Each structure stands twice: as structure tokens, then as C-alpha cells.
Amino acid sequence: MGKFTTQQIEMISTNAINIFLCNFQNISPNINWNDKEPSWDGNIYLYEDNSQKKGLLRGRIPVQVKGTEVKRFSRKFHSFQMKLSDIKNYYYDGGVLFLVVEIIDTQNTKIFYKFLLPIELKRIMEEIKYNDKDSKAVHINNVLDEEVKFDIECNEFLLHRNRQGINAVESAITLEQVKDKATEIEIVESNIFNMIGKDVYFYTKDEFGVSIPVKDKVELIELSYKVEKDFIIDNKKYFDNFKIVNRKDGQIKIIGDGLEFDIVNRTITLRNSTEDIVSRLNTLEFIENGIENKREKDVNEVLKVIEKEKNLICQLIEACERFNIPKSSTKLCEMTENDRNVLRVLKNIKSFSQVSPAIRDHKESYSMSIKRVDFFGHKILLLYISDNENDYYVNYFQKEEFDMIGISNEKRVSIGRFSILRDLDLLVSNFDISILKESIKMVNERCKETDMTMLSEQYNLLALEAIKAWDVSHNNVYLDLASYIFDMFEHYLDNNIIAINRAQIEKRINCRLYEKTRENLYRIKLSKLEKLNYNNEVIAAIDILLENEESFKKHFEDIEDKKAFMDYPIYTLYSKNES
């Protein structure tokens, strides 16, 4: 048995609350320890100023007080079992301020409080009904002390209470439903900064334009805003703004990428990078140039750590610039172990002229292959060469020319290094159409006339791969490459094949064919059909372009190697039409 009677606990509880509320001149409490109301212990009245004149009354807040004797105070919250009958009364009365006073003795009390708005009370009632109970334990999780701006919170309660009538609450929807309907949400707070660490309620509009509350509440963890200000050291501008972050435990000023100034505790912290590598490098250089007394031991250790990170970032920036990877989307915080391994490879990229001596010295034992490596989510195409002693990597799209030899009818023909590429080999960050065109032009100029048929057929395949690359990326640079190849070799390729391939490019760009192109395709089809042994692949390709499905199905059925035909980019147009 405790040392206080029930009446004494009520008296101590209400007195503790009334005394605390004397700190606010615009609050007038009317809380009695022997109140006989069924679910309330009184009210508090909030005024617009300290005069407490009737004409300046902002509103009334119903209050329920519960006292409990304890040996030690709860740390973060007090859990209290609320009866359904009381919760219903609070709900239909527009909400309640629920207070629990923990009592050790008459001089040692701790007040927990929670504002319960209609939308919250509705949720609690639904949970009780779902669990088939007549009460629910509710966490009373705010502590009433000198740091609390309680009058502001009372005002927030009244603002929301006025927006949460019974009809509005009964029509409330969830945040997920708001998202599905793509409607706007509204935050109603008189002082949003005071809501940090507390629950924030949202509102939206129903189909009639009437404001209704959102069922879900969100705890406001922090509130930040940007301040425009230049940061200049030695005539170099590093930043033109900084961010102020307000949290429950204080205020932080953030400059650049992760440089935090704790205004309350007067500390400076460099957090792990969360932004792109250029922003991080700028931040590190700002710290370096802003530090005085660089020779001090502690400062010197900090500078060593900064220098190490700077070296890594400079390597990343060099790799990004060399292989056309956007620095703005490259972040240290997203760097994987694979990225670190690839960076070591990219740092040691060789030119083909540097690798050539090793190849000559190991003619019988070296191997060569194409590799696509992943670096921060971007693909890079490299040539991998191994001589059983060393591994070398070459940028496949470097300006320096190195050759590939094709063999046809026992003849060796210089075909260049790009003719063997597939669509995925083209879909890389270091793809450079100017280098590719220059290589094709050079190979074409040095090729013997007798070898042009083989060369043109090889590059026709590359053009088709370029079209397939466009189907993945919709980057017109690949159609430009295909057109360049068709123009370069048009005198050595079948005219009908050139016409079909140019038509499929035209259709991809314009989503339709010009009338002149359609007439030409009809003419080719008729001339082919007049022959006994016509090419079903050519007819089927034309049918796809002309969207003649019945004719396509007929001629497609007669194609011997259907799998090979389906690998051509022309078939992608058919698949697209089908879908």
C-alpha cells in the first residue's frame, strides 16, 4: 500500500499541473482534484495574450488527469489503460489533453502528457473494436517541463481540433490513398519548428473540395532550410549557401558535403560523404584552406585523413572524365568493393602501343578478349590482354587505332576493332561515335576492292547491332552510326537490304514511313515475288515495315532459321506492334 490516499494523489496531481501552468500568462487552468465529471477533470483556457480578457479567448481544452504513486520516475513514457467509454466521450467532445502525474512525494512529481485529437481517438477506437477489448494501453510520451513551449502546443491542438469535426474524421483517408488519388496535402501548424520531435497531422480535400484529415500521422524528426551565403577563402568561392537543420536536440549548420557545425554544443564534425564526388572534394579543400595552425599534431592528423580521401576522389574524377561517367551522380557512399577493384584497373589502363611489345614477345601464348566492366552502375568497354605473365587493359574507344583481322576463304582481311561489337558493347559510357566513324573510314580506305564485299557484310552486322542498341537506349547516336555505315558501304551491299534497313531507321525515328518509302518497299516486294526462289526473310521484313501481319506470318513460317531472323532488329518492330 502506498503512502498517499486516492484523494491525496488526485490533489497532488492537480496541484502539480496547476502550479506548472502558472508559467504561462496566456493559459488559465480550471482543474479541480475533486471534479465529478464522468471523463474529465476540468479544462484549460488559452488566450491570445497575457491579459486573459474574455474577448481574447482562443479556445477551451478538456483535460483528464491521472495520478500514480511510483518509486522511480519513468524515463520516456507512461503507459495508461484507457477505457473505451472514456475514449468515446473524448472523441465526441473534440479531443482531450491527457495528463499522467507520477508521484514520489509531494515535492517530487513528473508530468507526462499527450494531446489526443479526434483522428487519433478514432484510430484507438478502431483498434479496440478489432481486438474485441473494452480498453487500450496508450503511451503518454511527452514530458511537461521548462523546455516545453506548452502554450504553442495548446494552440496547435486547437487549430487541429477545429479541422477535425466528426464528419471530417469519419471521411478521413490514408496517406496511401492520398498518393493514389494524386491530391495535394496541407500541413496546418502555427509554429512548425515547435513540432520537431512531435506528431504532425496532414489534411487533404475530398471529391467535393471539403477539407478532411489524413489518418496517418508522421513524427517530424528534423526541419531544414537553406540560407544563401557565399563562402570565400583566398578569393575562391567554395559555396553559395548552407543548410540549417533543426532537430529535437539542437540546431546544426551544414556546409557543403557533411561539414556540420553544432551550434548548441559548439562542435565541428565532418560526416561521411552523401553527395557527389565534386561536392565532397570542394568540401575537403574548403576545410584544408580554412584551417590555421596546420602544424599542430591533432590538426596534422586530420589533414592526413582529408588528404587520403582527396586522393581517392581525384582518382574517381579522373576515371569519370576519361570514360564519360557523370561526376554529378558518382558518390563515395555508393562505392562498392567492385567499384574499388575496377578503379584499380582503370588507374592502370594502357594504350595499345604500350601493350604491343608484350604481344610481340608472346606471340604464341597471349590471349585477347572484350570485357564490359561495371563502375558505379555504368558499363565501360575494355580490351583485355594476357600474356600468361601480366594482364593488360586498353580503353576500347581510345583514339589510337589497333586492328582486327578477319579470315574469309583463307584470305586475311583487316576489319578494324569495332566490326565485331554487339549491341551491349555499344551501350557503354566510353562509347565515342567520332572515334568509331574515323576507324570505319580508315578501314574502308585501306581495304582492297576484292575484299570490300566481306568488309561491307561485317559492318552491315555492326549497323544492325547499333539499331538494336537504339531499341534499348533510344539514343539517336546509334541510328546515326547505322546510317553512316549504310552510306559508307551502299555500293557493296544488296540495294534491297540497304532500303529495308534505312526504312527501319526511318520508322524508329518518325514512328511511320514516308509514302515514297512505302512505295519503294512495295516495289521491292513485288519484284521478289515474281521470282520462283524469292527470299522469305526479305519479304517478311518488308511486311513488318508495311504492317501487313497476315502476309508476314505466311512468309515467316517459310523461313528456315527463324531464331536468326528474330535476332534481327527488324523483328523488334514486329514485337512492338504485337504488344
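Provided above is the structure to which this section pertains.
Here's what I pulled together on the structure shown here. In this numbering scheme, every chain counts its residues from 1 along its sequence in written order. Where local features are concerned, this predicted model is filtered to residues with pLDDT of at least 70; where side-chain atom pairs are given and counted, the filter is 80 or more; whole-chain, interface and lining totals use all residues. Note that the side-chain values use all heavy atoms of the structure and ignore hydrogens as well as water.

## A look at the pattern of salt bridges
Salt bridges are defined by distance alone: a side-chain nitrogen of Lys or Arg within 4 Å of a carboxyl oxygen of Asp or Glu. Under the criterion given, the structure shown has 30 salt bridges. The closest approach of N and O atoms between Asp374 and Lys379, which form a salt bridge, is 3.6 Å. Relative accessible area decides the class of each residue, using a 1.4 Å probe on protein chains only: under 20% of the type maximum gives buried, over 50% gives exposed, and in between gives partly exposed. Relative accessible area serves as the criterion here: at 28%, Asp374 is assigned to the partly exposed category. Looking at Lys379, the relative accessible area reads 38%, which means it is partly exposed. Where Glu547 meets Lys507, a salt bridge forms, and the shortest distance between an N and an O atom there is 2.8 Å. You can see Glu547 sitting in the loop between helix 17 (536–546) and helix 18 (549–557) and its partner Lys507 sitting in helix 15 (residues 495–510), a full 40 residues away along the chain. Residues joined by salt bridges that share partners form a network here, namely Glu120, Arg123, Glu127, Lys136, Asp199 and Lys217. Secondary structure elements are defined from DSSP: runs of H or I of at least 4 residues count as helices, runs of E of at least 2 residues count as strands, and each element is numbered from the N terminus.

## Points about the sheet that holds strand 19 (residues 391–395)
By the convention used here, strands pair only if DSSP detects at least 2 bridges between them. Reading across the sheet, the three strands line up as 17-18-19 and stay open at both edges, with antiparallel pairing between neighbours. Either end of the sheet is taken by a strand with one partner, and the two such strands are strand 17 (367–375) and strand 19. Neighbouring strand axes in the sheet, compared pairwise and without regard to direction, differ in orientation by 35 degrees on average. Inspection of the sheet shows strand 18 (residues 378–386) paired to strand 19 by five bridges, in the antiparallel sense. Residue pairing across strands places Ser386 opposite Asp391, the latter belonging to strand 19. Against the sheet, helix 9 (residues 337–347) makes contact with strand 17, strand 18 and strand 19, and its axis sits at roughly 130 degrees relative to strand 17, the strand it touches most. All axes are obtained by fitting lines to C-alpha atoms, using only the stretch in contact for helices, and the reported angles, taken between N-to-C directions, cover 0 to 180 degrees. In what follows, a contact means two residues having at least one pair of non-hydrogen atoms within 4.5 Å.

## Quick look at the layout of surface pockets
A water-sized probe rolled over the atoms picks out the places where empty space is left. A 1.4 Å probe that fits into a set of points on a 1 Å grid over the protein atoms alone but cannot get out defines a cavity; an open set with protein on both sides within 12 Å along at least five of seven lines defines a pocket, and lining residues are those with an atom within 4 Å of a point. Grid points are joined across faces, edges and corners, and a volume is the space filled by probe spheres set on the points. The computed volume of the largest pocket comes to approximately 1,100 Å³. Secondary structure elements with two or more residues in the lining of the largest pocket: strand 6 (108–116), helix 3 (118–130), strand 7 (135–140), strand 8 (142–143), helix 4 (150–163), strand 10 (199–205), strand 11 (211–219) and strand 13 (236–247). Per-class residue counts for the lining of the largest pocket are 13 nonpolar, nine polar and 16 charged. Classification used: nonpolar for Ala, Val, Leu, Ile, Met, Phe, Trp, Tyr, Cys and Pro, charged for Asp, Glu, Lys and Arg, polar for all others including Gly.

## Focus: the pairing of strand 19
In terms of residue burial, strand 19 counts as a mostly covered element, since four of its five residues are buried. What sits between the antiparallel neighbours strand 18 and strand 19 is a turn of four residues, in which Asn388 has the positive phi angle 75 degrees.

## Describing the nonpolar core
Nonpolar cores are built from buried Ala, Val, Leu, Ile, Met, Phe, Trp, Tyr and Cys residues. Side-chain atoms within 4.5 Å join them into one set. One finds Ile44, Leu97, Leu99 and Phe150 to be the most contacted residues of the largest nonpolar core, which totals 51 residues. When residues in this core are grouped by element, the largest group, seven residues, is from strand 5 (residues 96–105). Discounting residues that sit within four places of it in the chain, Leu97 has contacts with Ile44, Ile61, Pro62, Val63, Gln64, Tyr113, Lys114, Phe115 and Phe150. Listed in part, the 45 residues of the second largest apolar core include Ile433, Leu436, Met454 and Tyr459.

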